[in-house]
Amino acid sequence: MTNNIRSSFVAQGTATSEADRDAYKLRGLMPAVVETLEKQATRAFEQLRNKTSDLEKYIFLAWLRNTNTRLFYKLVMDSPEEIMPLIYTPTVGAACVNYSHIYPFLGPNGNFDGLFISIDDLPIIDQIIENYKNSLPSSEISPDIAVVTDGSRILGLGDLGVGGMGIPVGKLQLYVAAAGIDPRKTLPICLDFGTNNQKNLDDPLYIGLRRNRPEDPEFYQAVDTVLASLNKAFPKMLIQFEDFSSEHAFELLDRHRERYLSFNDDIQGTGAVILSGFINAVREVGIPAKQHKLLFFGAGSAGVGVAKQIMDYFVLEHGMTEDEAKRLFWLNDSKGLVTLDRGDKLAQHKVYFARDDNEGKQFKDLKETIKHVRPTALIGLSSQGGVFTPEILELLAEINERPIVFPLSNPATQAECSFEQAMIHTKGKVLFASGTAFPRYKDEQGVEHVPGQGNNMYIFPGLGLGAILARPSRITDTIIYASAAALADSLTENERKSHLLYPRIDRIREVSAVVAAAVCRQAVKENLATEPEILSILPVGETAEVGTPAWDELIKHVEGNMWKPVYETEIISRM
């Protein structure tokens, strides 16, 4: 019992009642005062704000998460605009780079960051999963969701090897804070298959395998083995693929999306959240959807994934054929505009959007491409910081009355431009959304403007919660689209009057509930939902439009299943 009460999931610190202190022989091991969660949060905020760097704040918050889980999430939910950038982007980038050097501070008191699966340990993978089960606070606990990475393409920072564990940890913290998934039922996984990053291999403190990554046949076989074992142990668990290299990301999604309940956040989540912002930008601009031209700077897994998600908008909402919609997209990679006759062998995922109407001309410079395409929207997923120069932004503002500029690369140092730069060089005309947090901008008249942040946390927490509640047999493209459409429609009247493309971050739980309900509704509509409780609320054939009693009941059910960081009055009755 004593070990259990000291678990980070049960611990209440100075809020532990007098009765529990006596029952678990804790009297004298903490100050005599019995405090509220709110008082503890005040002290924790004071300590946090006294840290002098964001990385120090990250380490403090990681320590807090591993010693008092409820207090940690109380901080996140009380001040999401302050805390979320510290536990995920942009700070998580620095944490991943330095992971091997800060690791001892991340898992005190026997609590672990997650499950590290070495390629050498695949013969005993079932025992590794059993070890994880034994580390849980209760045998009745089983994970609802796992975020899996191999650390090969972390944000815009490249191959960080085992340092990539910071990403699943951070993503799952947002699942908890934004969508109320029970933190005990989240499983971060890092596949330690080696690293091709020489800096890691030369670092004496690097804690991962010191070897190069395997070739594709061995890689795919290893991932197959891991997923099969996870599915055997936790057959209902949702799997989110995260930050795999572009080629592997697409192949893994195609290989497993019909086999396991799974999705890829870099491809589908990013695509959905940017689609949502784009829908609202189109509404703001006022140009007919079919007249838009979208230029993507960056043609990796995220870029192509976003393009395909936005393409669904033109097909599903505006009645265009697939080919008609595809003609609205241009991709630009490191070699210039992606065309079929460029002379190099295109990666398979780029071929779909490769242009054949360039009349033999090649455009290797972004400025030249913009003059050729005359895009209404410029979307950056290149990981090339500052590439949207003043000249580029001014050119877009000359072409468009309201240019749409989405610099989506993470972290902030890799963003194609900042909000301030976009506002200054378009003279305030820009419709802006970034992938990382930027400060507000005050113009010459003293008016403060709020940047849009196309952060995946607007989508994946609600998508994950909806999948957990409905248990669809698979996650389809139309389920992803439903989540994006629900997010776009979740803006309040006040937010629309403020010309926001995304809801205010302090409404994230409310928004996640709407997204989750839309996912459940779509899963039922496609006859994929298997959870009896959802099917009793929303029988097949029930449309559950927003504002109807069926929708209200669905929202109530979703909100009733969202975990909240509150203390129990007494622990004794629960043990």
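Reading the values: rules and limits
Residues numbered from 1 in each chain as written. Predicted model: local features only at pLDDT ≥ 70, side-chain atom pairs only at ≥ 80, totals over all residues. Heavy atoms only, no water. Domains from an automatic or database assignment. 1 Å grid on protein atoms, 1.4 Å probe; cavity = no way out; pocket = protein on both sides within 12 Å on 5 of 7 lines; lining within 4 Å. Points joined across faces, edges and corners; volume = space filled by probe spheres on them. Helix = DSSP H or I, 4+ residues; strand = E, 2+ residues; numbered from the N terminus. Nonpolar A, V, L, I, M, F, W, Y, C, P; charged D, E, K, R; others polar. Pairing = 2+ DSSP bridges. Buried < 20%, exposed > 50% of the residue type's maximum accessible area, 1.4 Å probe, protein only. Axes fitted to C-alpha atoms, helices over the stretch in contact; angles between N-to-C directions. Parallel < 35°, antiparallel > 145°, perpendicular 65-115°, else oblique. Contact = heavy atoms within 4.5 Å. UniProt positions renumbered as here; feature names shortened; annotations may be inferred. Phe/Tyr/Trp six-rings, centres within 6.5 Å; stacked < 30°, edge-to-face > 60°.

Asker: Please give an account of the domain arrangement of the chain that cites residues and values.
Answerer: Entries for the chain in the domain assignment read domain 1 (1-87), domain 2 (116-260), domain 3 (268-453) and domain 4 (456-561). Centre-to-centre, using C-alpha coordinates, domain 1 lies 42 Å away from domain 3.

Asker: Explain the layout of surface pockets to me, and be specific about the residues and the numbers.
Answerer: Of the volumes computed, that of the second largest pocket is approximately 820 Å³. As for the second largest pocket, its lining consists of 40 residues, and the residues nearest its centre are Val450, Pro451, Gly452, Gln453 and Leu500. Within the residue set of the lining of the second largest pocket, elements represented by two or more residues are α6 (80-87), α20 (419-425), β11 (431-434), β13 (448-449) and β14 (452-453). Here the lining of the second largest pocket takes 4 residues from α6, the largest share from any one element.

Asker: Quick one: what's the story with empty space enclosed by the protein, residue by residue and with numbers?
Answerer: Here the structure, examined in full by the defined rule, presents 1 cavity of 30 Å³ or more. In this structure, the largest cavity is lined by Phe9, Thr69, Arg70, Asp182, Pro183, Arg184 and Trp563. A per-class count over the lining of the largest cavity returns 3 nonpolar, 1 polar and 3 charged. Taken together, domain 1 (1-87) and domain 2 (116-260) each give at least three residues to the lining of the largest cavity, which thus spans both.

Asker: Requested: an account of the sheet that holds strand β8 (residues 336-337), with residues and values cited.
Answerer: With mixed pairing, the 7 strands of this open sheet are ordered in space as β8-β7-β6-β9-β10-β11-β14. In this open sheet, the two edge strands, each paired with only one partner strand, are β8 and β14. Pairing of strand β7 (residues 329-333) with β8, which is carried by 2 bridges, proceeds in the antiparallel orientation. From the neighbouring strand, Asn332 faces β8, where its bridge partner is Leu337.

Asker: Break down helix α21 (residues 460-470) for me, with residues and values.
Answerer: Structural remark: α-helix, 3.6 residues per turn; residues separated by three or four positions point the same way. The element α21 is extensively covered by neighbouring structure, given that 11 of its 11 residues are classed as buried. Of the residues making up α21, those classed as buried are Phe460, Pro461, Gly462, Leu463, Gly464, Leu465, Gly466, Ala467, Ile468, Leu469 and Ala470. Looking one or two residues beyond α21, the residue adopting positive phi is Arg471, at roughly 50 degrees.

Asker: Let's hear about the pairing of strand β9 (residues 377-380): which residues, and what values?
Answerer: Burial along β9 is two-sided: the residues Ala377 and Ile379 and Leu378 and Gly380 are all buried. Bridge count between strand β6 (residues 294-297) and β9: 4 bridges; the pairing is parallel. Bridge pairing in β9 links Phe296 to Ile379. Pairing between β9 and strand β10 (residues 404-407): 4 bridges, direction parallel. Within the sheet, the bridge partner assigned to Gly380 lies in β10 and is Pro407.

Asker: Before we move on, could you go through unusual backbone geometry and cite the residues and values that matter?
Answerer: In this chain, Thr89 is followed by Pro90 through a cis amide linkage whose omega measures 5 degrees. Considering the arrangement of structural elements, one finds Pro90 in the loop between α6 and α7 (91-97). We note that Asp243 has phi near 55 degrees; this positive angle belongs to a residue other than glycine. You can see Asp243 is positioned in the loop between β4 (238-241) and α13 (246-256). Relative accessible area serves as the criterion here: at 3%, Asp243 is assigned to the buried category. Positive phi, normally seen in glycine, also occurs at Ala544, with a value near 50 degrees. With respect to the helices, strands and loops of the structure, Ala544 is situated in the loop between α25 (532-537) and α26 (549-560). The class of Ala544 is buried, set by a relative accessible area of 0%.

Asker: So what's going on with the packing of helix α18 (residues 366-373) against helix α19 (residues 390-399)? Which residues, and what values?
Answerer: Relative orientation of the contacting elements α18 and α19 amounts to 5 degrees, with a least axis distance of 10 Å. Accordingly, the angle class assigned to the pair α18 and α19 is roughly parallel. Of the residues in α19, those touching α18 at Leu366, Lys367, Ile370 and Lys371 are Glu391, Ile392, Leu395, Leu396 and Ile399. Of the residues in the contact of α18 with α19, the class split is 6 nonpolar, no polar and 3 charged.

Asker: Describe the UniProt feature "binding site: (S)-malate" (unreviewed entry) in the chain, and please don't skip the residues or the numbers.
Answerer: According to UniProt, the "binding site: (S)-malate" (unreviewed entry) feature falls on Arg153, Asn410 and Asn455. Of the residues annotated just before, the second largest pocket has Asn455 among its lining. Note that Arg153 resides in the loop between β2 (145-149) and α10 (166-179). Other than its neighbours up to four places away in sequence, Arg153 contacts Gly158, Asp243, Phe244, Ser245, Ser246, Asp266 and Ser301. When you line up the elements, Asn410 lands in the loop between β10 and α20. Judged by relative accessible area, which is 17%, Asn410 ranks as buried.

Asker: Can you tell me about the packing of aromatic side chains, naming the residues and giving the values?
Answerer: For the coordinates displayed, the defined rule picks out 23 aromatic pairs. Ring centres of Phe419 and Tyr441 lie 6.5 Å apart, and the angle between their planes is 85 degrees; this geometry places the pair in the edge-to-face category. Here Phe419, found in helix α20, pairs with Tyr441, found in strand β12 (residues 441-442); they are 22 residues apart in sequence, far enough to count as distant. Of the two residues examined, Phe419 and Tyr441, each falls in the buried class. Every member of this aromatic cluster is reached through a ring pair, and the members are Phe278, Phe296, Tyr313, Phe314, Phe329, Tyr352 and Phe353.

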